[in-house]
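Listed below, chain by chain, are the residues.
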Amino acid sequence: MAEITMRLPVAPKAVAPSAPRGGEKHLVAPGDTITTDTGYMRGHGTYVDEEKLIASVAGAVERVNKLVCVKALKTRYNGEVGDIVVGRITEVQQKRWKVETNSRLDSVLLLSSVNLPGGELRRRSAEDELAMRDYLQEGDLISAEVQSVFSDGAVSLHTRSLKYGKLGQGVLVQVSPSLVKRQKTHFHDLPCGASVILGNNGFIWIYPTPEQKDEEAGGFTTNLEPVPLSDREVISRLRNCIVALVTQKLMLFDTSILYCYEASLPHQIKDILKPEVMEEIVLETRQKLLDLEG
Amino acid sequence: MASVVLSEAEKLYIVHGVQEDLRVDGRGCEDYRCVEVETDVVSNTSGSARVKLGHTDILVGVKAEMGTPKLEKPDEGYLEFFVDCSANATPEFEGRGGEELGTEIANTLYRVFSSESSVDLKSLCINPREHCWVVYVDVLLLECGGNLFDAISIAVKAALFNTRIPKVRVLEDEEGSKEIELSDDPYDCIRLNVVDVPCIVTLSKIGYRHVVDATLQEEACSLASLLISVTSKGALTSMKKVGKGSLDPESIFEMMETGKRVGKSLHIALQKILDEEESLGTSRQKVGFLG
């Protein structure tokens, strides 16, 4: 039976900030003066104008000893060496692929930065160049690591490890890069039955946990078998939980996603996106995270 | 139309999911996303409505102006539709990019409202052959998140429900010249009867099954869609097939049946929310755009 719910819009009410750890956050808008003290070094998101340090983005001021920077809430991805990203191939060019990673410029994946099938180590030849499209086409998703950053800010990627490569069946969720917490590892096999890749660029990939670890796969063979219904339910629930956390502006990391998943179990999967259910689940998650810390 | 690029594996995942009646966001094949409706958002129109369906955001403004009736229908008023695809929705609509989609949607709306029973046009007549009300319906696409036609038709129905046309009287002088008099009371107005206004239901064929209210990702996996307009009593008033794929007659029949069923529920839910909003009256907190 079709289920259609219509509702009147409700003005979102300001959520009370969680217990302040280290005082109130200093929020600034572009053009706001952060400090007039000249002793500070300026970091990202700031500039100096007439001996005053002024913010160039809207966000919270972060101070580390003498370094002042502004971390924006909603921004394009700025590449750092060593970040894990999930990207989509937009173009296939000579000896390189252009990858869209939600940054200001398209990222680059050079042919010499990918693993050849079978793990061979040799110089890339003309045949390899012609076979590029057989490996990665326009629209394909890949997981990669940032190798270097060009002077204009464009990012160069590499998939030189077996854990990176072309991604198979799953669901992609796009969020703001500032909501993904930096951690030691971004590949998580959640105990609920699915795996998640938290790209630093805000692309979150949810996929069914592979049965056995294929050692020589490296992303060349895609598993095109239908995913069982139980896995699908877990993946859909995780996807909705991540959307709920993002709407309420909570940081995304494996523990917060897991707590949100557990809090959402009493509800039906499609109900998680209703505003009141979303608020309830995220409140419970926030409470559990605070209990974990304190 | 704004579209996303998907990998083959992602498309396969979506198609298999639809087969098992579990879409990516947990909905069934016949479920709609959460709809938010608000009327009377634009103050200088005769009626307006804003509808948010997932990531799709539509604003409709209705203005009633005096004009001359059409020659072939001298004792009726008429409706004019205009659709503006704003560049806010997607960069593809910048400049004249959105014109093609806008004219397609406007033509569909003309077709849907072309049947005589949808809106009582005779009530829009003031003086046969001389004066009538022309109702200009302007649709503005603020955000494109899949399923445009459904959201637009819901918004148009809500805006027409909210429209208040002032009552006029025609006085005739001794010399025969006619004068039009507007009543002094600003709340003295006629409302349009929207009971028979149809709503569009889009059914997208994905794999072997069809879904209602497709997101942008699901639209990228569907090769053919059927747009049908259904009244609240379940009667079909028009049908249109879009997409480059083909549909075989049996699936068309199944999609029609689903569309009629879903359409009836859609009308019931919409009428309920419009009545609820009306009953709140002036005490309703207007959210608008800066909520």
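Criteria and cut-off values
- Residues numbered from 1 in each chain as written.
- Chains lettered and ligands numbered in written order.
- Predicted model: local features only at pLDDT ≥ 70, side-chain atom pairs only at ≥ 80, totals over all residues.
- Heavy atoms only, no water.
- Axes fitted to C-alpha atoms, helices over the stretch in contact; angles between N-to-C directions.
- Helix = DSSP H or I, 4+ residues; strand = E, 2+ residues; numbered from the N terminus.
- Parallel < 35°, antiparallel > 145°, perpendicular 65-115°, else oblique.
- Contact = heavy atoms within 4.5 Å.
- Nonpolar A, V, L, I, M, F, W, Y, C, P; charged D, E, K, R; others polar.
- Left-handed = near helix turned anticlockwise from the far one by under 90°.
- Core = buried A, V, L, I, M, F, W, Y, C linked by side-chain atoms within 4.5 Å.
- Buried < 20%, exposed > 50% of the residue type's maximum accessible area, 1.4 Å probe, protein only.
- Pairing = 2+ DSSP bridges.
- Patch = residues over 30% accessible without salt bridge, like charges linked within 9 Å, V, L, I, M, F, W, Y side chains within 5 Å.
- Areas by Shrake-Rupley, 256 points an atom, 1.4 Å probe, with all protein chains shown as cover.
- Salt bridge = Lys/Arg side-chain N within 4 Å of Asp/Glu carboxyl O.
- Lys, Arg positive; Asp, Glu negative; His and termini not counted.
- Charge placed at Lys NZ, Arg CZ, Asp CG, Glu CD.
- Buried area = accessible area lost by both parts, 1.4 Å probe.
- Polar contact = N/O pair within 3.5 Å; in protein donor to acceptor, adjacent residues only side chain to side chain.

A. The packing of helix α3 (residues 229-247) of chain A against helix α5 (residues 275-293) of chain A, seen in detail. Residue and element names in this part refer to chain A. It is at 10 Å that the axes of α3 and α5 come closest, and there the two elements cross at 80°. Comparing their axes, α5 and α3 come out roughly perpendicular. Contacts between α3 and α5 involve Ala-244, Leu-245 and Thr-247 from the first element and Met-278, Val-282 and Thr-285 from the second. Across the contact of α3 with α5, the residue classes break down as four nonpolar, two polar and no charged.

B. Just the packing of helix α4 (residues 254-264) of chain A against α5(A), in detail. Residue and element names in this part refer to chain A. Where α4 contacts α5, the two axes come as close as 9 Å, and the packing angle between them is 130°. Of the possible angle classes, the one that applies to α4 and α5 is oblique. As for how α4 packs across α5, the hand of that crossing is right-handed. Contacts from Thr-255, Ser-256, Tyr-259, Cys-260, Glu-262, Ala-263 and Ser-264 in α4 reach Ile-281, Glu-284, Thr-285, Lys-288, Leu-289 and Leu-292 in α5. In terms of residue class, the contact of α4 with α5 is built from six nonpolar, four polar and three charged.

C. Representation of the nonpolar core within the structure. Counting 70 residues, the largest nonpolar core has A:Met6, B:Val37, B:Phe113 and B:Leu160 as its most contacted members. Element by element, the count of residues in this core is highest for helix α3 (residues 148-162) of chain B, at eleven residues. Membership of the second largest hydrophobic core comes to 47 residues, among which are A:Val175, A:Val196, A:Met278 and B:Val24.

D. Highlighting the environment of A:Ala2. Within the secondary structure layout, A:Ala2 lies in the segment before β1 (6-7). Excluding its chain neighbours within four sequence positions, the residues that come into contact with A:Ala2 are B:Glu30, B:Asp31, B:Val262 and B:Ser265.

E. Representation of the sheet that holds strand β6 (residues 52-55) of chain A. Residues and elements named next belong to chain A. The sheet built from three strands is open, its strands ordered β3-β6-β5 with antiparallel pairing. Two strands in the sheet have a free side with no partner beyond their single neighbour: β3 (33-35) and β5 (46-49). On average, each strand axis in the sheet is inclined to that of its neighbour by 45°, with strand direction left out of account. Sheet topology note: the β3/β6 ladder contains two bridges and is antiparallel. Bridge pairing in β6 places Thr-33 opposite Ile-54.

F. Here's a closer look at a negative patch on the surface. On the surface, B:Glu172, B:Asp173, B:Glu174, B:Glu175 and B:Glu179 cluster together into a negatively charged patch. For B:Glu175, the position within the fold is in the loop between β8 (168-172) and β9 (178-182).

G. Inspection of the interface of chain A and chain B at higher detail. Across the contact, 37 residues belong to chain A and 37 residues belong to chain B. When the two sides are added together, the surface that chain A and chain B hide from each other amounts to roughly 3300 Å², 65% of it contributed by carbon and sulfur. For the chain A face of the interface with chain B, the top three residues by lost area are A:Ile4, A:Met6 and A:Leu8, together amounting to 22%. At the surface where chain A touches chain B, the tally comes to two salt bridges. The closest approach of N and O atoms between A:Lys270 and B:Asp31, which form a salt bridge, is 2.8 Å. Counting every contact that joins chain A to chain B gives eleven residue pairs in polar contact (both at pLDDT 80 or more). Of all the secondary structure elements, the ones that give two or more residues to the side of chain A that touches chain B are β1, β15 (171-174) and α3 of chain A. In terms of residue count, α3(A) provides more of the side of chain A that touches chain B than any other element does, seven residues in total.

H. How the structure looks around the sheet that holds strand β14 (residues 236-242) of chain B. Residues and elements named next belong to chain B. Spatial strand order, β12-β11-β13-β14: four strands in an open sheet with antiparallel pairing. The open sheet is flanked by β12 (209-212) and β14, the only strands paired with a single partner. Between one strand axis and the next, the sheet turns by 25° as a mean value, whatever way the strands run. Direction of pairing for strand β11 (residues 199-206) relative to strand β13 (residues 224-230): antiparallel, over a ladder of seven bridges. Each bridged residue has a counterpart across the sheet, and for Leu-203 the counterpart in β13 is Leu-226. Across the sheet, α3 is in contact with β11 and β13; its angle to β11 comes to roughly 170°.

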